[in-house]
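Topology and contacts: notes
The lines below spell out each chain.
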Amino acid sequence: MWLAAAAPSVARRLLFLGSPPPPLLLLLLSRSSRRRRRRLHTLGLAAMPEKRPFERLPADVSPINYSLCLKPDLLDFTFEGKLEAAAQVRQATNQIVMNCADIDIITASYAPEGDEEIHATGFNYQNEDEKVTLSFPSTLQTGTGTLKIDFVGELNDKMKGFYRSKYTTPSGEVRYAAVTQFENVIDRKPYPDDENLVEVKFARTPVMSTYLVAFVVGEYDFVETRSKDGVCVRVYTPVGKAEQGKFALEVAAKTLPFYKDYFNVPYPLPKIDLIAIADFAAGAMENWGLVTYRETALLIDPKNSCSSSRQWVALVVGHELAHQWFGNLVTMEWWTHLWLNEGFASWIEYLCVDHCFPEYDIWTQFVSADYTRAQELDALDNSHPIEVSVGHPSEVDEIFDAISYSKGASVIRMLHDYIGDKDFKKGMNMYLTKFQQKNAATEDLWESLENASGKPIAAVMSTWTKQMGFPLIYVEAEQVEDDRLLRLSQKKFCASGPYVGEDCPQWMVPITISTSEDPNQAKLKILMDKPEMSVVLKNVKPEQWVKLNLGTVGFYRTQYSSAMLESLLPGIRDLSLPPVDRLGLQNDLFSLARAGIISTVEVLKVMEAFVNEPNYTVWSDLSCNLGILSTLLSHTDFYEEIQEFVKDVFSPIGERLGWDPKPGEGHLDALLRGLVLGKLGKAGHKATLEEARRRFKDHVEGKQILSADLRSPVYLTVLKHGDGTTLDIMLKLHKQADMQEEKNRIERVLGATLLPDLIQKVLTFALSEEVRPQDTVSVIGGVAGGSKHGRKAAWKFIKDNWEELYNRYQGGFLISRLIKLSVEGFAVDKMAGEVKAFFESHPAPSAERTIQQCCENILLNAAWLKRDAESIHQYLVQRKASPPAV
Ligand code: BES
Ligand code: ZN
């Protein structure tokens, strides 16, 4: 029985039989052969349904304690289960309603304490709502009793519930593990009745939510350590790959005491296991005491893993371990507050990585990875508030999006900055202590932080969490004798242009202001709580610049008067503006251009001012925006001209970096080199292309193996400018690769190939046995983002294979990701209509909002192209005739 969509109520508990730490329940590992019919969700082909009415579970009967015995069969992919739950009937009833998905109940009974069993006579499954109603022939009276249920189910291949995960042993044999995904050792002895069975008993857990239960049955190796605060930490890896668990082990062992200290609450269990699962839909899942990961989010090979993988592993470990407190010890009251879990973990994972790896400069990367991503999505009319009402289970999948994660993390970062670290920590401790082993809502956190800081947290934060969007702050300045007078006004920022309409939403915006006197220090901090405000900055000389949003922490965009902007631009060229401020300035201008508030040509000119830029993250954001522009201009006949522009912008830094690491270089240099060479190679920069081909040849011939950090850019470059032979070599490298990281690296660049036949070959490959089910999405997405032809081919492929793809992910968030990656790049009005029409006849309830966002983006792209294509073209042509002096 799985309760992924269940109310995350901690009124439930699991009884863990037997001794030591590791989780719960009783597992019987056996070989039986019963195969049962699987209950499938009905996939209607009718028009998109209205939001389905949905009710939370009735409170008349509630569980006190679960004891669960499971007997998985890894040959037949079935399992048998016995549940024995202590329950309390709070109100007399003859029905028990519970969550249930994809299992068949054989028998069910309820025995009031000290009384006879009453057998349920009916099991009424409401499959769409993932519920079952047990009907009893007589009334269950108030009081406690025991609910017993025998059930069977299938170990499915959908990466949900209790499922099977395929893996290959070191000798090449295909085997299966049984794994759980419910969000949505041990005492071993032979089983008394059957010598072929092994019984594994697990200890009892604290009171916890059912979506955090996990168990894995399979063959794994592990590495182990004890953290400074005495917790036993293990990282489980595929057999023969224990070494690859060492990096994550080190991170986890450092992270546990860090959180213990930050929250001032110890880790609540005696042990934690981290395990790499071959077939895994999400990136990782925070099950209490047994965190499950995709292999690529946990395993690091010293030779074959690249720097960005290490960083990713560190972030994911930091994220999931934070949930052990924030999410597991205290669980959100309902899915409306999911953002609290995910937004908070997505913020604190950076704090943790900054602690473990200060050299990563990870907070700057937060801005390019989360903050700007959130603003992009949240500027759409089809965005949603952070706190969103959630009814039906299909709506839960829908909110695992950039609003809950990235906007959630961004507003917490703003809040942390507004409160200050000391009071923030104090408030966190109050919240976790007060609500431990209970449920909490967003307001509960605000209350604790308000008590700790004495600031109006609930009033400020509700403007950010209860309404969608964020403000654009317009600012102009006037020199008044020795002072600078600033006039600020706020209006909602819309991706389609200035906000029109009467009741413009308003935010309470913590604003910081810095000047060139000390670019790293806020000269003034204010809370903007009205539509318009004037502020006076004392003693600012006329030649000094003034900037808003120091550190790009406030969740707003800024539009400066032309005079103010003019004065800031030299700070980009001479690097006197801090990196994260340079990044923010460029990103604001880019989005203003996209919204039609300024001209795109103005932004291209600003981009040219980054000639001296040394910072990886600043480049990464610039590169991302140039990528968006390239995709847009692939709809025109001057695509080549924008590639020339890319080459001009990136070649000075490319030359400075060269191909080989210099002594003393670190993590960020490695990331920067990969980014710049990839960008130049993709744009067809001649010298880069030649060197990439040479190094690729040496790599393939085994003369000189490419360093892990250079593989992605080299693969991408040779594929994009290569032929069928290059693709075949890449596919061969894919087949030979032992590490999933290497397979993924190759899968992600395959879409760069340009020839129509090869594009088709890549799409077919995406659905083949060679690609793990969770990775199909990035292969098809890569094709859509790879070229103009690829975009069309990928869309056609999705339409042609819709049933298989939908069925593969059973709705779920991967289908939303697939749709987004595949259709967002279109820039012709009629494509929005085509996409909409397709999904009207092929509904995907959990992706409904994503589809609306995609259609909106297509229309925005089309409008942008109509508005600016001509002037961009003219600028690029004129610039080629007389290149700007560097
Ligand atoms: N709780 C989520 C996992 C999850 C996601 C379960 C979607 C069900 C549906 C987990 O804590 C998480 O956020 N995982 C992230 C990785 C993280 C580092 C951002 C993921 O899977 O992408
Ligand atoms: Zn999470």
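Residues numbered from 1 in each chain as written. Chains lettered and ligands numbered in written order. Predicted model: local features only at pLDDT ≥ 70, side-chain atom pairs only at ≥ 80, totals over all residues. Heavy atoms only, no water.

**Considering the environment of Val718**
- In this fold, Val718 is placed in helix 18 (residues 708-720).
- In this structure Val718 comes out as buried when scored by relative accessible area, which is 3%. (Helix = DSSP H or I, 4+ residues; strand = E, 2+ residues; numbered from the N terminus. Buried < 20%, exposed > 50% of the residue type's maximum accessible area, 1.4 Å probe, protein only.)

**Some points on the packing of helix 22 (residues 776-786) against helix 23 (residues 788-800)**
- Contact geometry of helix 22 with helix 23 gives a least axis separation of 6 Å together with a crossing angle of 140°. Here helix 22 runs over helix 23; the crossing is left-handed. On helix 23, the residues that touch Ile780, Val783 and Ala784 of helix 22 are Gly790, Arg791, Ala794, Phe797 and Ile798.
- Considered class by class, the residues forming the contact of helix 22 with helix 23 number 6 nonpolar, 1 polar and 1 charged. (Axes fitted to C-alpha atoms, helices over the stretch in contact; angles between N-to-C directions. Left-handed = near helix turned anticlockwise from the far one by under 90°. Contact = heavy atoms within 4.5 Å. Nonpolar A, V, L, I, M, F, W, Y, C, P; charged D, E, K, R; others polar.)

**Some details on the coordination of the zinc ion (ligand 2)**
- Each protein donor to the zinc ion (ligand 2) is listed here as His319 (NE2), His323 (NE2) and Glu342 (OE); together their distances run 1.8 to 2.1 Å.
- Counting the intervening residues between successive donors of the zinc ion (ligand 2) yields the motif H-x3-H-x18-E. Note that His319 is positioned in helix 2 (residues 307-323) and Glu342 in helix 3 (residues 338-356), a separation of 23 residues in sequence. As far as burial versus exposure is concerned, His319 and Glu342 are alike and both buried. (Donors = N, O, S within 2.8 Å, 3.2 Å for Na, K, Ca; no water.)

**Notes on helix 22**
- Burial analysis of helix 22 places 9 of its 11 residues in the buried class, the great majority of the element.
- For helix 22, the set of buried residues is Thr776, Val777, Val779, Ile780, Gly781, Gly782, Val783, Ala784 and Gly786.
- Tucked inside the fold, the buried residues of helix 22 contact helix 20 (740-749), helix 21 (756-766), helix 23, helix 24 (802-809) and helix 25 (812-823).

**Quick look at the site of ligand 1**
- Around ligand 1 there are 15 residues in total, and Glu183, Gly283, Glu286, Glu320 and Tyr405 lie nearest to it.
- A distance of 3.2 Å is found between a nitrogen atom of ligand 1 and a backbone nitrogen or oxygen belonging to Ala284.
- Within the complex, 91% of the 510 Å² of free accessible area of ligand 1 lies under protein.
- At the level of secondary structure, the elements contributing two or more residues to the shell around ligand 1 comprise strand 18 (284-285) and helix 2.
- With 4 residues, the top contributor of residues to the shell around ligand 1 is helix 2.
- Residue composition of the shell around ligand 1, by class: 7 nonpolar, 4 polar and 4 charged. (Near = heavy atom within 4 Å. Polar contact = N/O pair within 3.5 Å; in protein donor to acceptor, adjacent residues only side chain to side chain. Areas by Shrake-Rupley, 256 points an atom, 1.4 Å probe, with all protein chains shown as cover.)

Taken by themselves, the reported measurements are silent on function.
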